[in-house]
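Residue-level structural notes
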Amino acid sequence: LQRMGRSFMLPIAVLPAAGILLGIGSSLTNEAMIKTYHLGAILGDGTLLHILLVIMNKVGSAIFDNLPLIFAVGVAIGMAKREKETAALSAMIAFFVMNVSISGVLEITGKILEDGSPAPDVLSGTITSVCGISTLQMGVFGGILVGLGVAALHNRFGKISLPSALSFFGGSRFVPILSTVVYLFVGILMYFIWPVIQNGIYALGGLVTSSGYAG
């Protein structure tokens, strides 16, 4: 658990910088703020400072929007005992495989339309776009699930020996291959498991908001 906690610190370390960029960029490009303090000449649309602040805002947003992937790679690096770069690559591959698998099941079951948008009967907020993939809204939990799982596979099979004909795929090279296969099925499984967890989160949120000051 201590190692797991330390592994979380690597992706968390980037959040203050992202928060500062997002906070400064969004607040200083707010039209109401610019008009209130008469800063149009300095921060108005088209000024050099405005362009820089818009870019800062987008950079900060990009980090927060991709936190699941950042956590997947960061946790895998922190939990891997050796050859951490292989664990990082495997985690990134597994993250995409898992979300594409979920997306495939969502398309087959009609939860996602041909244009990639959620079907009308799907509860708002349950499906999101992750790196351009329409998948379930698992947030950072999805990244942590990938990071911990891939690190466990990496630590267990990172030194595996295969027959001579397949020796090239032995050792650390075996981990990305194994992670791809494992997380293909994890993605299919999460299609059935995560909605139950998601409904529990929604129910808990509803309970908190409906219970007044106590909540």
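The notes below deal with the structure included here. (Residues numbered from 1 in each chain as written. Predicted model: local features only at pLDDT ≥ 70, side-chain atom pairs only at ≥ 80, totals over all residues. Heavy atoms only, no water.)

As a further point, take empty space enclosed by the protein. With a probe scaled to a water molecule rolled over the atoms, the places where space remains empty come into view. According to the stated counting rule, one finds one cavity of 30 Å³ or more in the structure shown. Within this model, the largest cavity holds a volume of roughly 50 Å³. Taken together, P68, F95, N99, V130, L136, M138, G139, G142 and G143 make up the full set of residues lining the largest cavity. Only α7 (84–108) and α8 (139–157) provide two or more residues apiece to the lining of the largest cavity. When residues of the lining of the largest cavity are assigned to their parent elements, the largest contribution, three residues, is made by α8. (1 Å grid on protein atoms, 1.4 Å probe; cavity = no way out; pocket = protein on both sides within 12 Å on 5 of 7 lines; lining within 4 Å. Points joined across faces, edges and corners; volume = space filled by probe spheres on them. Helix = DSSP H or I, 4+ residues; strand = E, 2+ residues; numbered from the N terminus.)

Moving on, we come to the side chain of N99. Looking at the secondary structure, you find N99 in helix α7. N99 sits in the buried class, given a relative accessible area of 2%. Only 2.9 Å separates the side chain of N99 from the backbone oxygen of F95, close enough to count as a polar contact. Once residues within four sequence positions are removed from consideration, N99 is found in contact with V130, I133, T135 and M138. (Buried < 20%, exposed > 50% of the residue type's maximum accessible area, 1.4 Å probe, protein only. Polar contact = N/O pair within 3.5 Å; in protein donor to acceptor, adjacent residues only side chain to side chain. Contact = heavy atoms within 4.5 Å.)

A word on the environment of I160. Within the fold, I160 resides in the loop between α8 and α9 (174–210). According to the relative accessible area criterion, I160 is partly exposed, its value standing at 27%. For the pair I160 and S172, spaced twelve residues apart in sequence, the C-alpha separation works out to 7.8 Å. I160 has contacts with G170, G171 and F174, leaving out every residue within four places of it along the chain.

So, on to the layout of surface pockets. As a volume, the largest pocket reaches approximately 200 Å³. Lining the largest pocket are L106, K111, D121, V122, L123, T126, I127, L136, Y191, P195, Q198 and N199. Of the residues that constitute the lining of the largest pocket, the class distribution is seven nonpolar, three polar and two charged. (Nonpolar A, V, L, I, M, F, W, Y, C, P; charged D, E, K, R; others polar.)

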